[in-house]
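Spelled out, the chains give:
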2 protein chains.
Amino acid sequence: MPEIDIVLVSPLYEGNVGFTARVMKNFGFHRLVLIDPCTLGEEAAARAAHAQDVLREAELCTIEDVFARSNIVIATTGTVSKSVCHSMRMPFYSPRELRERVQDAGGRISILFGRENWGLNNEEVRRSDMICTIPTADEYPILNLSHAVGVVCCELSNLPLPRYALASPTDMSYLYRHIDRYLDAIHHPAFKRENTMILIRRILGRTNLTVREASTLHGLLRRSEWHIDPALLDRDKNLLQGSGNEEEPE
Amino acid sequence: MPEIDIVLVSPLYEGNVGFTARVMKNFGFHRLVLIDPCTLGEEAAARAAHAQDVLREAELCTIEDVFARSNIVIATTGTVSKSVCHSMRMPFYSPRELRERVQDAGGRISILFGRENWGLNNEEVRRSDMICTIPTADEYPILNLSHAVGVVCCELSNLPLPRYALASPTDMSYLYRHIDRYLDAIHHPAFKRENTMILIRRILGRTNLTVREASTLHGLLRRSEWHIDPALLDRDKNLLQGSGNEEEPE
């Protein structure tokens, strides 16, 4: 994803500018551009919190500058009801569709966000290359400026969450075999076995167990087995000796 | 999608509560639950804007009430760095993954959002059924409360945008035939034709033309044809008589 300029066109309230700087940085964006903004004072700084750098380095320029230097200019607009679908304001893309369209784009991309009371004017929309619309509820479609920026930045950033290991098919098959063996240990009747195992697969199958969770379930089964037949404790102690891999966390 | 309770646990700033009410309503959510909130006064009302109803009907209750009555309780947490991945705080789902997991769920679903300075405490996370984490940038992962609610609500609402008609494969094939005919009219050389048509397909093929846009391009081609050969104007007039369907929108 190329670095993107977030352009606020004539923002009226400094609090919104501060909040915008903050939510941009939350999602990894740094280039704030301000066109004809309100005076920025203490409230902007307070709302920017730990994004003072974004606020301080915000660039003041004109809408002409933005159009002249950007390879793609994207106008954001509120949800358009069918009756007012004018060709100038369509086709529009959701933030997610926008991501698909710009993620491989080169050059400079600027996203325009309009005035709090009025949005972008027709001229600004007309000159833009693409329209982005955040889907909202009909009963109250007007987002706060910083919320609109937040939703767009969140979608465009597409940041990954840290990964955790999911149990592999092999891990799951070991677990099911262990459960089956455990059902033997508690004399679960043979004629019920198949249905019970299916039911257990249905339950665990929709949980997407992590490796750790699967390991913990093994541990609980083993501990139960030891209580049912103390001889198994010695067997397992020998098996586990030196491996230390499968222990029962907490 | 079932109706979902948005639960703010001990919010500290009334402005955030107001903003939360607003962004909830923007995305079609109405059930705000407040646990041990700060005093709500003018600032909350101002920030709620046209979501006074959500704010006024917010329910005051205890965390015990929430756990007792909810079929699924979802805790929201900040991005967890690998070093502190504790089993209590994982596996975690992004808002989008969460949507897939709860969209067909029945019963009552509550989503907990923690204190501005502290988040949810371990006990609140431990008792929850699922963990939702919004992916954020490492350099500043702390979202404003209302921005976090906004991103989660936007994703869970999955509201549709109004639809507009895209040009069908048949529409596109008419358009390409018209372009090909037009290239004849301007004596485009035969030996270049195939490559030029491929290039035009590549350009238009990535635009996802709307019906209206395709119609406008037809209109422009026709108008050019009339200027090249005035006899075509009379031909087209006869063809279009009574149909009036394909005119050239501005």
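Residues numbered from 1 in each chain as written. Chains lettered and ligands numbered in written order. Predicted model: local features only at pLDDT ≥ 70, side-chain atom pairs only at ≥ 80, totals over all residues. Heavy atoms only, no water.

All right, on to the overall build of chain A then. Secondary structure assignment for chain A yields eleven helices and seven strands. Each principal axis of the C-alpha atoms in chain A carries an extent, and together these give about 80 × 40 × 35 Å. Counting every position in chain A, which comprises 250 residues, the buried fraction comes to 48%. If you take every contact in chain A between residues at least 6 apart in sequence, the share linking residues at least 24 apart comes to 82%. Summing over all exposed atoms, chain A offers an accessible surface of approximately 13000 Å²; the carbon and sulfur share of this is 52%. Side chains of chain A give 28 positive and 34 negative charges; the mean places of these two sets differ by 5 Å. (Helix = DSSP H or I, 4+ residues; strand = E, 2+ residues; numbered from the N terminus. Buried < 20%, exposed > 50% of the residue type's maximum accessible area, 1.4 Å probe, protein only. Contact = heavy atoms within 4.5 Å. Areas by Shrake-Rupley, 256 points an atom, 1.4 Å probe, with all protein chains shown as cover. Lys, Arg positive; Asp, Glu negative; His and termini not counted. Charge placed at Lys NZ, Arg CZ, Asp CG, Glu CD.)

This paragraph deals with the sheet that holds strand β1 (residues 4-9) of chain B. Residues and elements named next belong to chain B. Spatial ordering of the open sheet is given by β3-β2-β1-β6-β4-β7-β5, a layout of seven strands whose pairing is parallel. Looking along the sheet, the strands with just one partner apiece sit at the ends: β3 (59-60) and β5 (92-93). Its contacts with the sheet put helix α7 (residues 145-157) on β1, β6 (109-113) and β7 (130-133), and the angle it makes with β6 is roughly 150°. (Pairing = 2+ DSSP bridges. Axes fitted to C-alpha atoms, helices over the stretch in contact; angles between N-to-C directions.)

Bringing the domain arrangement of chain A into the picture now. Domain boundaries in chain A define domain 1 (4-157) and domain 2 (169-240). Of note, the centres of domain 1 of chain A and domain 2 of chain A, computed from C-alpha atoms alone, are 54 Å apart. (Domains from an automatic or database assignment.)

All right, on to the relation of the copies chain B and chain A then. Mapping between the two copies of the chain is achieved by a rotation about an axis and a shift along the axis. Rotating chain B by 180° and translating it 0.0 Å along the rotation axis places it on chain A, where the RMSD comes to 0.0 Å. Seen this way, the second copy is the image of the first under a two-fold rotation axis. (Least-squares fit on C-alpha atoms with pLDDT ≥ 70 in both.)

On to helix α1 (residues 14-26) of chain B. For α1(B), which comprises 13 residues, the first-to-last C-alpha distance of 19 Å matches the rise-based estimate of 18 Å (1.5 Å per residue) to within 8%. B:Gly28 lies just past α1(B) and shows a positive phi near 85°. (Expected span 1.5 Å × (residues − 1).)

Residue and element names in this part refer to chain A. Taken in spatial order, the seven strands line up as β3-β2-β1-β6-β4-β7-β5 in an open sheet, and their pairing is parallel. What marks the edges here is a single partner per strand, and that holds for β3 (59-60) and β5 (92-93). Relative to strand β6 (residues 109-113), strand β4 (residues 72-77) runs parallel, the two sharing four bridges. Considered in β6, the bridge of isoleucine 72 is made with isoleucine 109. In this fold helix α1 (residues 14-26) packs onto β1 (4-9) and β2 (31-35), with an angle of close to 160° to the strand it touches most, β2.

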